[in-house]
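Residue-level listing of the chains:
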Amino acid sequence: MKIAVLMKDVPDLVEELEVEDGALPLDDMSFVPSEWDDQALEEALLMKEEADVEVTAVAIDTGDVDNMLFTALAKGADRAVKLVGDFSRTLPNRLRARLFAQYCQAQAIDVVLTGVQAIDDLDGQIAGLVAGLTGRAHASVVRDVHIEGSQVTCVQEYSGGKMAEMQLAVPAVLGIQAARKPPRYVTIAKVRQIQKSATLEEVEAEAGTAPLVTVRRIYKPEAAGHAEMWGDDVDAVAESIVRLLEDKKLLRS
Amino acid sequence: MGQVLIVAECQDGRLSDATQELIGRGRELAQATGGTVTLAAFGEGARDALRDADADVAVVVNGDGVQQYNPEVYEEALAAMVEDRQPALVLLSNTTMGMDLGASLAARQARPMVAYCTALWRDDDALLATSQIYGGKLAADVEVPDGAVVTVIPGSWPAAGSSGSPRIEEMPSPAAAHTRVLKVMEAESGGDVDITRADILVSVGRGLQDPDNLELADQLAEALGGVVSCSRPVVDAGWLPRSRQVGKSGKTVKPKLYFALGISGAPEHLQGMKDAELIVAVNSDENAPIFEVAHYGATVDILDLMPALTERLEGRAG
Ligand SMILES: Cc1cc2nc3c(=O)[nH]c(=O)nc-3n(C[C@H](O)[C@H](O)[C@H](O)COP(=O)(O)OP(=O)(O)OC[C@H]3O[C@@H](n4cnc5c(N)ncnc54)[C@H](O)[C@@H]3O)c2cc1C
Ligand SMILES: Nc1ncnc2c1ncn2[C@@H]1O[C@H](COP(=O)(O)O)[C@@H](O)[C@H]1O
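Residue positions are counted from 1 within each chain, in the order its sequence is given. Chain labels run from A onward and ligand labels from 1 onward, assigned in the order the entries are written. Given that the model is predicted, a residue must reach a pLDDT of at least 70 before its local features are reported, and side-chain atom pairs must reach 80 or more before they are shown or counted; all residues, however, enter totals for whole chains, interfaces and linings. Side-chain metrics rest on all non-hydrogen atoms present in the structure, leaving aside hydrogens and water.

## Here's the deal with the overall build of chain B
Working step 1: Labels follow the DSSP assignment, with helices taken as runs of H or I lasting at least four residues and strands as runs of E lasting at least two, numbered in each case from the N terminus. Summing up its helical and strand segments, chain B has nine helices and 17 strands in all.
Working step 2: Three labels apply to residues, based on accessible area from a 1.4 Å probe with only protein chains included: buried if under 20% of the type maximum, exposed if over 50%, partly exposed otherwise in between. Put simply, chain B has 318 residues, and 59% of those count as buried.
Working step 3: Within chain B, contacts between residues at least 6 apart in sequence are counted, and of these 63% link residues at least 24 apart.
Working step 4: Calculation of accessible area relied on Shrake-Rupley with a 1.4 Å probe; when residues are assessed, cover is drawn exclusively from the protein chains displayed. For chain B, the accessible area works out to roughly 12,100 Å², and carbon and sulfur atoms hold 43% of it.
Working step 5: In chain B, 25 side chains carry a positive charge and 46 a negative one; their mean positions are 4 Å apart. Pairs of residues are marked as contacts when any of their non-hydrogen atoms sit within 4.5 Å. A residue counts as positive if it is Lys or Arg and as negative if it is Asp or Glu; His and the chain ends are not included. Note that the charge is assigned to NZ on lysines, CZ on arginines, CG on aspartates and CD on glutamates.

## Comments concerning the pairing of strand E6 (residues 111-115) of chain A
Residues and elements named next belong to chain A.
Working step 1: Summarising burial for E6: five of the five residues are buried, a large majority.
Working step 2: The pairing of E6 with strand E10 (residues 172-176) spans five bridges and is parallel. Bridge pairing in E10 links Val 111 to Ala 172. Two strands make a pair as long as DSSP finds a minimum of two bridges between them.

## Observations regarding the layout of surface pockets
All names here are of chain A.
Working step 1: In this structure, the second largest pocket occupies an estimated 560 Å³ of space.
Working step 2: Forming the boundary of the second largest pocket are 22 residues, of which Thr 90, Pro 92, Asp 120, Val 215 and Ile 218 lie nearest the centre.
Working step 3: The set of elements that each furnish at least two residues to the lining of the second largest pocket consists of helix H3 (93-106) and strand E12 (214-219).
Working step 4: Tallied by class, residues from the lining of the second largest pocket come to 14 nonpolar, three polar and five charged. In this analysis the probe radius is 1.4 Å and the grid spacing 1 Å, with only protein atoms considered; a cavity is a set of points the probe fits into but cannot get out of, a pocket is an open set with protein on both sides within 12 Å along at least five of seven lines, and lining residues have an atom within 4 Å of a point. Grid points are joined across faces, edges and corners, and a volume is the space filled by probe spheres set on the points. When residues are sorted by character, Ala, Val, Leu, Ile, Met, Phe, Trp, Tyr, Cys and Pro go into the nonpolar class, Asp, Glu, Lys and Arg into the charged class, and all the rest, Gly among them, into the polar class.

## Digging into the site of ligand 2
Working step 1: Throughout, near means a residue has at least one heavy atom within 4 Å of the molecule or strand. Every residue close to ligand 2 is listed here: Tyr 158 and Lys 162 of chain A together with Ala 8, Glu 9, Cys 10, Phe 42, Ala 46, Tyr 69, Tyr 74 and Met 97 of chain B.
Working step 2: Chain contributions to the surroundings of ligand 2 come from chains A and B.
Working step 3: Two N or O atoms form a polar contact when they lie within 3.5 Å of each other; inside protein one atom must be a possible hydrogen donor and the other a possible acceptor, and for residues adjacent in sequence the pair counts only when both atoms belong to side chains. Within the side chain of Glu 9 of chain B, a nitrogen or oxygen atom sits 2.3 Å from an oxygen atom of ligand 2.
Working step 4: Between a nitrogen atom of ligand 2 and a main-chain N or O atom of Phe 42 of chain B, the distance comes to 2.4 Å.
Working step 5: When isolated, ligand 2 has an accessible area of 460 Å², and the protein chains bury 77% of it.
Working step 6: Its residues assigned to classes, the shell around ligand 2 shows eight nonpolar, no polar and two charged.

## A word on the site of ligand 1
Working step 1: Taken together, 31 residues sit near ligand 1, with Ser 231, Ser 249, Ser 264, Glu 268 and Asn 283 of chain B positioned nearest.
Working step 2: Chains contributing residues near ligand 1 are chains A and B.
Working step 3: Ser 264 of chain B is positioned with one of its side-chain polar atoms (N or O) 2.7 Å from an oxygen atom of ligand 1.
Working step 4: Contacts to ligand 1 include Ser 284 of chain B, whose backbone N or O atom sits 3.1 Å from a nitrogen atom.
Working step 5: Secondary structure elements with two or more residues in the shell around ligand 1: helix H1 (35-50) of chain A together with helix H6 (232-236) and helix H7 (267-273) of chain B.
Working step 6: Tallied by class, the residues present in the shell around ligand 1 amount to nine nonpolar, 15 polar and seven charged.

## What about the sheet that holds strand E5 (residues 57-62) of chain B?
Working step 1: An order of E12(A)-E9(B)-E8(B)-E7(B)-E10(B)-E6(B)-E1(B)-E4(B)-E5(B)-E11(B) is seen for the 10 strands of this open sheet, with the pairing classed as mixed. Both outer strands of the open sheet, E12 of chain A together with strand E11 (167-172) of chain B, are each paired with one neighbouring strand and no more. Averaged over all pairs of adjacent strands, the angle between strand axes in this sheet comes to 30 degrees, irrespective of strand direction.
Working step 2: Sheet topology places strand E7 (residues 113-123) of chain B next to strand E10 (residues 148-152) of chain B; three bridges connect them, and they run parallel. Residue pairing in the sheet places Cys 117 of chain B in a bridge with Val 152 of chain B of E10 of chain B.
Working step 3: Sheet contacts for helix H3 (residues 71-85) of chain B: strand E1 (3-7), strand E4 (36-42), E5, strand E6 (89-93) and E11 of chain B; angle to E4 of chain B, the most-contacted strand, approximately 160 degrees. To define axes, lines are fitted to C-alpha atoms, for helices over the stretch in contact only, and angles between the resulting N-to-C directions are given on a 0 to 180 degree scale.

Nothing here speaks to function; it is geometry throughout.
Below, the structure is given as structure tokens:
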């Protein structure tokens, strides 16, 4: 059975986001794999431990995705594929989804895993878009994926902790909320080593057209409020907290 | 604007608050341009729930396939409705159902989409939406093209107060060919403690770094007479049981005091705790969105603060 994990990298939220003229200077920012795509990869690797599957990590060449793909190989993915063409960092999700969908159809992928969402998918989540474009069975906000014959089972989360066990016939597309275990860690040395021995497969692709939306401006939302800040001295902060709790009568007498 | 199609969700025999929010705004937008509001609803129970909803038409999908939520059945029904009615705007809530169906519906109907919408308004000739992106750190104002699918974050604006009497149309439920729902499970009730009943929550996030540090949170909670809760990654890592999770896919809490320790304040977390009476946030990143909902905050290391605070509280008690 063939599993593809669709991955993208997104700006690192740990860094200060500076908006310039209503847009993000993406070329100056540092990128990290989308956290939920990492979860999807981990789930695929766990599935590989219990069934006869081939795991391929797939990313679109919008800049520097090589490291992300080599890391996937170092973690245990069987193959890593880069969809190459004339793509920029600002490639909208609708076009990314088309590229991924074309690849999954052409390669007859059985189970597609990808993150349930990403921090930048303003025009739709990849899982749903790929499912819609390929007409495959799908479910999002899921975890605990297992292969059973020509079916996959998973748990779909509703709000408030309610959930459902589901079964989908392959080919299927799943938007992963979280892997069964935290994503595994590989050392930079191991990634370097893989980089020397393995290659990324390049597949030529063309984005084509899709219904897009126009962004007028990006900005930092006006905060409705802000905390009164106590500074960065641990003892002073602890003291302030105790005084606050005294004031509010929240201390046990 | 022609028709606004709203995908309704029911809870305990009522339309959900999130659906009422969509109806209110959908009605305003439709009214301004002489358009209409259509609800798409599922299951026998929906009929009662939407009897006095402020919509012109309600299409109730009924049959074996909609006894519980099944993405395939719901999507087939919605796709048929969209095909048939050609709505100018399709609104879903950014719930599991909206996240599940919004994008696939948009893709299969070749309609544009705007996700994570927090505001939707008309400006001269254009329909505009604000989309919340980058974990709530940024917003984007987006032009919503005719025919778009928009998923709206629940709680973005007040729910509709007005009511109406929609004309009910029946639609037989499509069959599920590829997707089966085997079992629906209620939330794990209580677990070891019920965080929704605690007056004081010491809530830890990924900033905890290591499960061994949970001890520090336990000791602080003990000193405060509170209970330890957490953000989602702490549960996904297996450090605490799911019953302790606060947020969109966890519990909604409203304690007298909520300590957010090493929690960034992603929208999905805020959804579960923003109404706490008093929020104190500690995060080494001064730009963490949690400080926007907290009443008091500090940029210190939680691994230093927790023991220091515990010691002070214990010293005071002793
Ligand atoms: C459908 C869906 C549902 C979800 N439901 C939930 C939910 O119910 N609840 C939930 O919480 N999340 C939920 N999430 C996940 C959510 O999007 C975030 O990923 C999550 O809330 C982040 O948790 P965090 O703040 O602990 O981690 P991070 O975002 O990684 O933040 C950790 C913070 O700790 C700070 N920090 C690190 N070290 C220290 C230190 N030593 N001292 C002080 N501060 C430190 C960092 O500055 C950072 O701000 C959901 C996501 C999806 C897609
Ligand atoms: N009548 C309904 N109409 C639309 N969605 C529903 C309906 N009943 C349940 N759901 C959805 O099915 C899932 C389980 O809901 P519930 O059974 O109400 O907890 C949630 O995503 C609900 O929004």
